[in-house]
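# Observations on chain architecture
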Amino acid sequence: MKTSTEYRQQFEDLVHRAEQEIAQHPAAYKRRLQWLALLGYGVIIGLFALLLALAGGTVWLAFTSSAVLLLLFKSKLIVVLGGLIWVLGRSLLVRIPAPTGYELHPTDFPQLWAEVRALSQQLATPPIHSIILTPAMNAAIAQTPRLGIIGPYHNTLILGLQLLLALSPSQTRAVLAHELAHLSGNHSKFAGWIYRVRQSWTQVSQAFQQTNAWGTGLIRRFLNWYAPYFAGYSYVLARDNEYEADALAGKLTSPDTAASALVAVHVYDAFTGEQFWKPFYRKAHTQAHADQATYSQLQQFYQQPQPQHEAFKRHLHTVLTRKTDPADTHPSLMERLKALKATGLKAESDDSKAIQWLGSGIKRVIQHFDQQWVNDNSAQWENFYQRAQTAQHTIATLSERDDHTLTADERWQLASLTEQYQPDQDALSLYLQYAAEYPDDSAADLAIGRLLLAQNDPGGIRHLEQAMKNPALRVYAADECWRYYTLHQQPQQASTWLIKLEAANEMMHEAQQERAQIDDVDMLIFPEVVENGGYDFERELIGALNRHQHVSEVWVAQKQVRNFPHEPVFVLAVKIKGFIMNEERLQQTLLETLQQTQHTVFLVNGVTHKKLVKKVMAVGKQLY
């Protein structure tokens, strides 16, 4: 089985070959891409035709020959045909969910719809059937098949509330023109078709990955090969598609307007996170209840001249120096600005915001999202506030004591609570003090390395390399290093750490899989941990099993695992006495007798899991 690194490298090689092919033989590339796109539709149409043929043929046989029908039943071919029809039908009728959000109806928001329809008419797009509003700083077009995984499509324009609050009408018009251009008849027809095919197969693939319904495996296996291959081979055209959509947006507005919209969308997300959301959430440290007017405050925030802010300029410099990500179909901001022949730095003369397109519905919309934010976040806010108050008390208590009297756990608690609940205080020095006392604790290296990199101090890498020695911390340490080198435009180091991150993620995934299930083929061993843990540990494992009326014996063994063997996986085997009417209920009541434990414990009983119980008794230890 290939590793995730090998899959990624295979995808990148495919993209590279496609780039070479379109540069050297563009006509041949487009022909091959066209046939590849038609292959996907051919499989779907072929399966649909087969489904109709099977259903029709079965019905025809039933009506034309009772002898043949009897043969079908006797030979059980009718069961085979029915099963195949069911499998194909389930595969073709998997629903792709439509995007959700606050729906903006034409009668309630006529000005917004007028803007969209005017752009749609200029670009000769198919009709936009619905517009929904989400909280994001973004816009997109979603095409949802109305019938299973095939068309016709319902076209939804997804608008971000933050986008309307932050951008001027002309900038937002440029963003909408870009998104609608992907559906445009004025666009390169072949490129536009490939874009829609690419989007469709992405949706179809996601829909099948999210369902484990019986009968969908046939299509899922095909998509596991086809979707990434088509995505990789069409990659170069997809990136060209973005340039063309930018050009059309610049033509309908102006190159400078399209460029300033690109800059705003790229910068505002990080800028807003730092300047608005971060201080907003910090209120939870001292404020018991969440604000009731979140987006009303955000609206006021965007009324300020943000592009003149030093933080805005800093984030702008970051995105302008960022290079195109090999795994992203969207070119870097600088490449897109060059293609538009504009800098994007021209000051926006219009101080108004596109939220005005909502007309008299502005207040109602803002109130809706304010209330939605309260509904989604108030419980977590209040919970955090309570934890923060407890943490503040603990920090104060520990800080008053002499350092030499603090245990290792107390020192760690002081450092971690300070970082979490007193963000204005220096938690780094506390972690350094802890590490000086306990140099073998790799968790301290992870914390120190993470905080140093957050301060743009490359010395944090050395600490994270130390943390990598602990397998349980590798994902976190590798992720911090990869993000740091990616942010600082050091691709060679970023690539090295990405490979380490992928390997660590695979190890963690394998460890989770090992601990997710138990079956007859798993290797079981004598539970040395129980033997060394003593009676108290045995009592923790057994819980109240020995007092259950149907339990005659309880045994324990360990599942042999490759990853994190020092964190054991226990298998409790229960021999059952008496008459059992409901096996599922028995298993559930047995599980309920176990007490909460930090260990992974599987419970098997002699009625439902006879083979496993015998294996545990053969190699394990009897607890009762």
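An account of the accompanying structure is given in this report.

It is worth spelling out the overall build of the protein at this point. For the protein, the helix and strand inventory stands at 24 helices and 9 strands. When burial is assessed residue by residue, the protein has 45% of its 624 residues classed as buried. Counted over contacts in the protein with a minimum sequence separation of 6, partners at least 24 positions apart contribute 74%. About 33100 Å² of surface is accessible on the protein, with carbon and sulfur atoms providing 55% of the total.

The next subject is helix α5 (residues 110-123). Between the first and last C-alpha of α5 there are 20 Å, a value that for 14 residues agrees with the 20 Å anticipated at 1.5 Å per step. Downstream of α5 by a residue or two, A124 has a phi angle that is positive, lying close to 55°.

Now for the layout of surface pockets. Volume-wise, the second largest pocket comes out at about 1200 Å³. What lines the second largest pocket is a set of 33 residues, among which L453, A454, Q455, N456 and L487 lie closest to the centre. Elements with a contribution of two residues or more to the lining of the second largest pocket: α11 (255-282), α13 (310-321), α16 (408-421), α17 (427-437), α18 (442-454) and α20 (474-487). Classifying every residue of the lining of the second largest pocket gives 11 nonpolar, 12 polar and 10 charged.

With that out of the way, let us pick up the nonpolar core. Counting 90 residues, the largest nonpolar core has L133 and L159 as its most contacted members. Ranked by residues supplied to this core, first place goes to α11 with 12 residues. With 22 residues, the next largest nonpolar core counts L14, Y29, I194 and V197 among its residues.

Mapped onto the elements of the fold, N155 is located in strand β4 (residues 150-160). A residue is classified by how much of its surface remains accessible, and N155, at 3% relative accessible area, is buried. Not counting the four nearest positions on each side in its chain, N155 is found in contact with P126, P127, I128, H129, S130, A142 and Q143. Side-chain polar atoms of N155 contact the backbone oxygen of P127, separated by 3.0 Å.

Looking at the secondary structure, you find L180 in helix α7 (residues 169-181). Distance from L180 to I128, taken between C-alpha atoms, is 9.2 Å for residues 52 residues apart in sequence.

Time to look at the pairing of strand β6 (residues 551-559). Extensive coverage of β6 is indicated by the burial of 7 of its 9 residues. Inspection of the sheet shows strand β5 (residues 524-525) paired to β6 by 2 bridges, in the antiparallel sense. Bridge assignment links L524 to a residue of β6, and that residue is K559. Note that β6 and strand β7 (residues 569-576) share 8 bridges and pair antiparallel. Counted as the bridge partner of A557 is V571 from β7. Taken together, the 2 bridges between β6 and strand β9 (residues 621-622) define a ladder with antiparallel strand orientation. Paired with V556 across the two strands is K621, which belongs to β9.

Under the definition given, this model contains 1 cavity of 30 Å³ or more. Its boundaries defined by the atoms lining it, the largest cavity holds a volume of some 70 Å³. Lining the largest cavity are D403, L406, R411, L414, L430, Q433 and Y434. Those elements that place two or more of their residues in the lining of the largest cavity are α16 and α17. In terms of residue count, the dominant contributor to the lining of the largest cavity is α17 (3 residues). In the lining of the largest cavity, the residues fall into 4 nonpolar, 1 polar and 2 charged.

The rules behind each value
- Residues numbered from 1 in each chain as written.
- Predicted model: local features only at pLDDT ≥ 70, side-chain atom pairs only at ≥ 80, totals over all residues.
- Heavy atoms only, no water.
- Helix = DSSP H or I, 4+ residues; strand = E, 2+ residues; numbered from the N terminus.
- Buried < 20%, exposed > 50% of the residue type's maximum accessible area, 1.4 Å probe, protein only.
- Contact = heavy atoms within 4.5 Å.
- Areas by Shrake-Rupley, 256 points an atom, 1.4 Å probe, with all protein chains shown as cover.
- Expected span 1.5 Å × (residues − 1).
- 1 Å grid on protein atoms, 1.4 Å probe; cavity = no way out; pocket = protein on both sides within 12 Å on 5 of 7 lines; lining within 4 Å.
- Points joined across faces, edges and corners; volume = space filled by probe spheres on them.
- Nonpolar A, V, L, I, M, F, W, Y, C, P; charged D, E, K, R; others polar.
- Core = buried A, V, L, I, M, F, W, Y, C linked by side-chain atoms within 4.5 Å.
- Polar contact = N/O pair within 3.5 Å; in protein donor to acceptor, adjacent residues only side chain to side chain.
- Pairing = 2+ DSSP bridges.

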